Amino acid sequence: MLSAGNSKNRLSCKAAIVWEYNKPVSIETIEVDPPGPFEVRVKVVAAGLCHSDYSAVKGYYSYQPLPFVLGHEGAGIVESVGEGVTTVKTGDKVFAMFLPQCQKCENCMTRNCNVCFDIERKEKQVIPSIRTLGYDGNFKFECQGKPLYHFVGSSAFSEYITIAENSCVKVDPQTPLESAVILSCGFSTGYGSSTNAVDIQPGNSVAVWGLGGVGLASVIGCKHKLAGQIVGIDINKDKEEIARKMGCTDFLCLGELDNPVETIIKLTNGGLHFALVCIGNVQAMEMAVLSIRPGGIVVIVGVAPDTSLMNVSPALMLAGRTIKGCLLGNYKIHEDIPKLVDMYLSGRLPIQDMITKTYKLEEINDALDAMKAGEIIRSVILM
Ligand code: COD
Ligand code: ZN
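Computed from a predicted structure; not experimentally measured.

**Description of the state of the cysteines**
1) Next: Per the stated rule, a full pass over the model turns up zero disulfides.
2) Next: Considering cysteine sulfurs only, Cys248 is the nearest to Cys253, which forms no disulfide, with 13 Å between them.

Shown next, in the form of structure tokens:
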């Protein structure tokens, strides 16, 4: 039986709620439960807006029940901890991550894959490790007497959130959360796709489809790996300037090409070594498969709507081509995310250049519109 939780020690605060798909997000007062065993309540300081939030509002993720509190790229300060919590304490700076790491299951114990089985077994969903309830299986948020689901175990567009300890990562106390917050999803998702999920060698040719916050972070990773050719591909020709600034050696605007696959194959003298698809579009994924050379690798980063299928000839795989995917750049949150924060603190990641605009929580619908219009790389909601 799901309960709306413990009324003692609840906190009232503002949050962004999705009551119905395809409608404006609603800012309302909610009640946030105190943390139960192995849970943490976090005072959110900053929350980044990601394309996945837009997809969730549109109803593209069939595993996400209504109503829910939006947001999944969050940074804040621990307000209180539940029984059994050992890795964080009140006052710690933390990131709220959409992907947990239980550190006990087979995947958590190996380097191969970062998708934790803890949640996959509990909630049979298309994308594993996506939590829609508290760690104990109960609701943690309530509005007007109605319980609200989490969005991917985070729900960062709320002034307070109660989340699982295993998806809460402690970061350096010096971390400026207002900018570093994009390391809790978008930047790491992109940067890890090119630096951690695959082994790009100096001189290799790489293309990145979709030059949003995630794709541009992937481009930065390609540059750090000394890729020879970095081809940025987008449907928006205005992305060329930022693409080149971040490290693209070439830029292709899809609407301007009769045969993009042929163009890429010619440009790269026989096809790409790596194709990184940072948009949830099946045509882009199919194009990527056709654009790699024998031995080349396609990395799927974007999530296409649940019902979509890819149309790919298996014959292409016979010549050693690989299609793989990764969530959160294949990073293990507890080991790897603090290291990325350290890289940022030592000036090695240009996070600041990625944040185009900040908004208040009340302006969340404006932020979603600006993202859809391609006006921003990344926006951050400051609480
Ligand atoms: N081909 C090429 N470019 C395209 C296409 C297309 N068919 N359609 C849109 N674009 C471009 C847009 O013009 C824009 O420049 C860019 O793609 C998208 O940018 P944003 O800022 O809207 O998107 P991001 O970068 O925030 O998110 C991209 C994701 C792929 C991460 C997102 O779509 C997604 O699928 N997320 C789920 C996967 C995941 O790992 N989730 C957790 C992290 S979000
Ligand atoms: Zn995201």
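**As for the coordination of the zinc ion (ligand 2)**
Ideal values differ by geometry: the angle at a metal is 109.5 degrees with four tetrahedral donors, but 90 or 180 degrees with six octahedral donors.
1) Next: Coordination of the zinc ion (ligand 2) by the protein involves Cys50 (SG), His72 (NE2) and Cys185 (SG), with metal-donor separations of 2.0 to 2.3 Å.
2) Next: Each of the four donor atoms around the zinc ion (ligand 2) contributes to a set of angles spanning 84 to 130°, which defines the coordination as irregular.
3) Next: Within one chain, the residues serving as donors to the zinc ion (ligand 2) are arranged as C-x21-H-x112-C. Here Cys185 lies in the loop between helix H4 (177–180) and helix H5 (186–195) and His72 lies in the loop between strand S4 (68–69) and strand S5 (73–81), a separation of 113 residues in the sequence. A single burial state applies to His72 and to Cys185, both of which are buried.

**Re the site of ligand 1**
1) Next: Around ligand 1, 27 residues are found, and the nearest of them are His51, Ser52, Asp234, Val303 and Arg378.
2) Next: Between ligand 1 and Ser52, the relevant distance is 2.9 Å, taken from a nitrogen atom to a side-chain nitrogen or oxygen of the residue.
3) Next: For ligand 1, an oxygen atom lies 2.8 Å from a polar atom in the side chain of Arg378.
4) Next: The fraction of the free accessible surface of ligand 1 (900 Å²) that becomes covered by protein chains is 91%.
5) Next: Only helix H1 (51–58), helix H6 (213–224) and strand S12 (229–234) provide two or more residues apiece to the shell around ligand 1.
6) Next: A class-by-class count of the residues in the shell around ligand 1 yields 14 nonpolar, 10 polar and three charged.

**Focus on the packing of H5 against H6**
1) Next: The contact between H5 and H6 brings their axes to 7 Å, and the two run at 40°. When the axes of H5 and H6 are compared, the crossing they make is right-handed. Note on element contacts: H6 touches H5 through Val214, Ala217, Ser218, Ile220, Gly221, Cys222 and His224, opposite Gly186, Phe187, Thr189, Gly190, Tyr191, Ser193, Ser194 and Thr195.
2) Next: The residue makeup of the contact of H5 with H6, split by class, is six nonpolar, nine polar and no charged.

**Considerations on H5**
1) Next: Extensive coverage of H5 is indicated by the burial of 10 of its 10 residues.
2) Next: For H5, every residue scored as buried is listed here: Gly186, Phe187, Ser188, Thr189, Gly190, Tyr191, Gly192, Ser193, Ser194 and Thr195.
3) Next: Its buried side turned inward, H5 meets S5, H6, strand S14 (272–277), helix H11 (333–345) and strand S18 (378–382).

**Remarks on the sheet that holds strand S2 (residues 26–32)**
1) Next: Read across the sheet, five strands follow the order S4-S1-S2-S7-S8 without closing on themselves; strand pairing throughout is antiparallel. The open sheet is flanked by S4 and strand S8 (146–148), the only strands paired with a single partner.
2) Next: Sheet analysis places strand S7 (residues 141–143) next to S8, joined by three bridges and oriented antiparallel. When the sheet's bridge partners are listed, Glu142 is paired in S8 with Pro147.

**Some details on unusual backbone geometry**
1) Next: In this model, Leu66 is joined to Pro67 through a cis peptide bond whose omega is -15°.
2) Next: The residue Pro67 is located in the loop between H1 and S4 in this model.
3) Next: Of note, Asn330 is a non-glycine position whose phi angle comes to about 60°, a positive value.
4) Next: Mapped onto the elements, Asn330 comes out in the loop between strand S16 (322–325) and H11.

**Regarding the packing of aromatic side chains**
1) Next: In the structure shown here, the tally under the stated rule is four aromatic pairs.
2) Next: Taking 6.3 Å as the distance between ring centres and 65° as the angle between the ring planes, the aromatic pair formed by Phe38 and Tyr135 counts as edge-to-face. With a gap of 97 residues between them, Phe38 in the loop between S2 and strand S3 (39–49) and Tyr135 in the loop between helix H3 (117–122) and S7 connect regions that are remote in the sequence.
3) Next: Residue classification places Tyr135 among the partly exposed residues on the basis of a relative accessible area of 23%.
4) Next: Seen in terms of ring centroids, Phe187 and Tyr191 are 5.5 Å apart; in terms of plane orientation they differ by 20°. Their pairing is stacked.

**Some details on the confidence of the model for the protein chain**
1) Next: Taken as a whole, the protein chain shows an average pLDDT of 93; of its residues, 95% reach a score of 70 or greater.
2) Next: Across residues 1–5, where pLDDT falls below 50, the model places 15 contacts with residues more than four positions away in sequence or in other chains.

**With respect to the sheet that holds S12**
1) Next: The six strands lie next to each other as S13-S12-S11-S14-S15-S16, forming an open sheet whose pairing is parallel. Looking at strand neighbours, the two that pair on one side only are strand S13 (250–253) and S16, the edges of this open sheet. Between one strand axis and the next, the sheet turns by 20° as a mean value, whatever way the strands run.
2) Next: For strand S11 (residues 205–209) and S14, the ladder comprises four bridges, and the chain directions are parallel. Paired with Val208 across the bridge in S14 is Leu276.
3) Next: Against the sheet, helix H9 (residues 282–291) contacts S11, S14, strand S15 (292–300) and S16, and its axis sits at roughly 155° relative to S15.

The rules behind the values
Along each chain, residues carry numbers from 1 onward, in the same order as the chain's sequence is written. Each chain is given a letter, starting from A, and each ligand a number, starting from 1, according to the order in which they appear as written. The model is predicted, so local features are restricted to residues of pLDDT at least 70 and side-chain atom pairs to those at 80 or more, both for listing and for counting; the totals for chains, interfaces and linings are taken over all residues. To get the side-chain values, take all heavy atoms of the structure and skip hydrogens and water. Defined by distance alone, a disulfide is two cysteine sulfur atoms within 2.5 Å. Only nitrogen, oxygen and sulfur atoms qualify as donors, and only when within 2.8 Å of the metal (3.2 Å in the case of Na, K and Ca); with water excluded, sites may look incomplete. Under the classification used here, a metal with four donors is tetrahedral if each angle lies between 85 and 135 degrees, square planar if opposite donors are over 155 degrees apart and the others between 65 and 115, a six-donor metal meeting that same test is octahedral, and anything else is irregular. Runs of H or I in DSSP of at least four residues are treated as helices and runs of E of at least two as strands, each being numbered from the N terminus. The classification of residues rests on relative accessible area computed with a 1.4 Å probe and restricted to protein chains. Under 20% of the type maximum is buried, over 50% is exposed, and intermediate values are partly exposed. Nearness is defined per residue: one heavy atom within 4 Å of the molecule or strand is enough. In protein, a polar contact means a hydrogen-donor-capable atom and an acceptor-capable atom, both N or O and within 3.5 Å, with residues adjacent in sequence counting only if both atoms are side-chain atoms; elsewhere, any N or O pair within 3.5 Å suffices. The Shrake-Rupley method, run with a 1.4 Å probe, gives the accessible areas here. Residue values count only the displayed protein chains as cover. Each residue gets one label: Ala, Val, Leu, Ile, Met, Phe, Trp, Tyr, Cys and Pro are nonpolar, Asp, Glu, Lys and Arg are charged, and the others, such as Gly, are polar. Axis definition: a line fit to C-alpha positions, over the contact stretch in the case of helices; interaxial angles, taken between N-to-C directions, run 0 to 180 degrees. By the definition used in this description, the sense in which the near helix is turned from the far one sets the handedness, with an anticlockwise turn below a right angle giving left-handed and a clockwise turn giving right-handed. Contact criterion: two residues are considered in contact whenever any of their non-hydrogen atoms come within 4.5 Å of each other. Between any two strands, at least two bridges found by DSSP are needed for them to pair. Any pair of Phe, Tyr and Trp rings, taking the six-membered ring for Trp, is counted once the centres come within 6.5 Å. Such a pair is stacked with planes under 30 degrees apart, edge-to-face with planes over 60 apart, and tilted for the rest. Here pLDDT means the predictor's own confidence in every residue, given as a number from 0 to 100.

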